[in-house]
Amino acid sequence: MGNSVVGKTVFFSVVIPTYNRRPILEKCLRALEVQELSGSSAYEVVLVDDGSTDGTLDWLKAHKEEFPHVRWFEQDHAGPAAARNLGISQARGDIIVFIDSDLVVVKNFLQAHGEALVQGRKKLGSDRETRQEADRFFTYGAVINTCNFHEPTAEPYKITDFSAAFFATGNVAIPKHWLEKAGMFDNSFQLYGWEDLELGVRLKKLGLKLIKCPAAVGYHWHPPFNLEQIPRLIDQEIQRGRMGVLFYQKHPCWEVRMMIQMTWLHRLLWGILSLNGLLNERTMAPLLRWLINLGKPQLALELARIFLNWYNVKGVYAAYAQVRNQ
């Protein structure tokens, strides 16, 4: 298997957790099967089914000849943190690449990550103080959001696709041993949100650096926004608030408070913008429906974030009050 970026061979293990995403997962896996890699690089795809009920594994078993790179595992529904940990434990590669099961990548995706890893090693290896641990970094590719299911890779980059996250599992490549040294993902994060950024805090404390890899592009598909999605989106924001408090309990600092929106500034901001909750899923429904009918679902979603963020802030403070009472 080689020694990842330390030697001449790069062996990638692409770890993907999935839960009831079969239609877009098919596109995700097919894009990974046509990767163009040069030299002695090789790869596998480690898929972890997190208790799907949509026939994901039955479909995969019936089409296994189409996916020679894929090895799959399954677990009872326990969330993406536990699923990624299972994937890491089963991975054969020295470099772990994390993507989500609704991401469709370009043909040079792994090659771009590999080149960035090699360049990163050369850069750090030139420093005598860091030469012994010249792989103390990870590469972070570009993620472009799209609603185009038939041709997700046709979507152009938008300013809203920018991310300032240090470590996010939508598109990242990292030496496996650093994940193990950091303690892997925390399985306590069983609800929506924060499990990857929390691990990122621990990786940063180990001194890892982020190297951007814009050529490793992944297209993150999600269905066009409609009013039927709102209850699920509200529930996600409430869950994100609860997991945000868990994040803060592990790392009680101002930086995390800002990330999870548990500050007076966020409470004031979203309270004003939502008119203290008067602008909500009921009062804004006519405007959102009108925009959707005009063919502007993305604009409707951005406006819906006014009350979605208000639900998140309320969820954070409710969860924090519950923790303090306990």
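Above this text is the structure in question.
Every value quoted in this text rests on a predicted model; they were computed, and no experiment measured them. (Residues numbered from 1 in each chain as written. Predicted model: local features only at pLDDT ≥ 70, side-chain atom pairs only at ≥ 80, totals over all residues. Heavy atoms only, no water.)

Draft legend 1. Just unusual backbone geometry, in detail. Of note in the backbone geometry, Asn20 takes a positive phi value of approximately 55° without being a glycine. Topologically, Asn20 is positioned in the loop between strand E1 (11-18) and helix H1 (22-33). Asn20 gets classed as partly exposed once you look at its relative accessible area, which sits at 30%. Look at Leu275: it is not a glycine, yet its phi comes out positive at around 55°. By relative accessible area, which is 48% here, Leu275 ends up partly exposed. (Helix = DSSP H or I, 4+ residues; strand = E, 2+ residues; numbered from the N terminus. Buried < 20%, exposed > 50% of the residue type's maximum accessible area, 1.4 Å probe, protein only.)

Draft legend 2. Structural detail: the environment of Ser41. One can find Ser41 in the loop between H1 and strand E2 (42-49). In this structure Ser41 comes out as partly exposed when scored by relative accessible area, which is 23%. For the pair formed by Ser41 and Val143, sequence separation is 102 residues and the distance between their alpha carbons is 23 Å.

Draft legend 3. Expanded view of the packing of aromatic side chains. Taken as a whole, this structure holds seven aromatic pairs when the rule is applied. Seen from their ring centres, Phe138 and Phe166 are 5.1 Å apart, and the 85° between their planes marks the pair as edge-to-face. Of this pair, Phe138 sits in strand E6 (residues 137-146) while Phe166 sits in the loop between E6 and strand E7 (171-175), placing them 28 residues apart in sequence. Centre to centre, the rings of Phe138 and Phe167 are 5.3 Å apart; their planes meet at 85°, and the pair counts as edge-to-face. Remark: Phe167 occurs in the loop between E6 and E7 and Phe138 occurs in strand E6; sequence separation between them is 29 residues. For the pair Phe138 and Phe167, one class covers both residues: buried. An aromatic cluster is defined as three or more aromatic residues linked by ring pairs; in this entry it consists of Phe138, Phe166 and Phe167. If you follow Lys27 out to its NZ or CZ, it ends over the ring of Phe149, 4.8 Å from the centre. Between Arg84 and the ring centre of Phe185, over which it is positioned, the NZ or CZ distance is 5.6 Å. (Phe/Tyr/Trp six-rings, centres within 6.5 Å; stacked < 30°, edge-to-face > 60°. Lys NZ or Arg CZ within 6 Å of the ring centre and 35° of its normal.)

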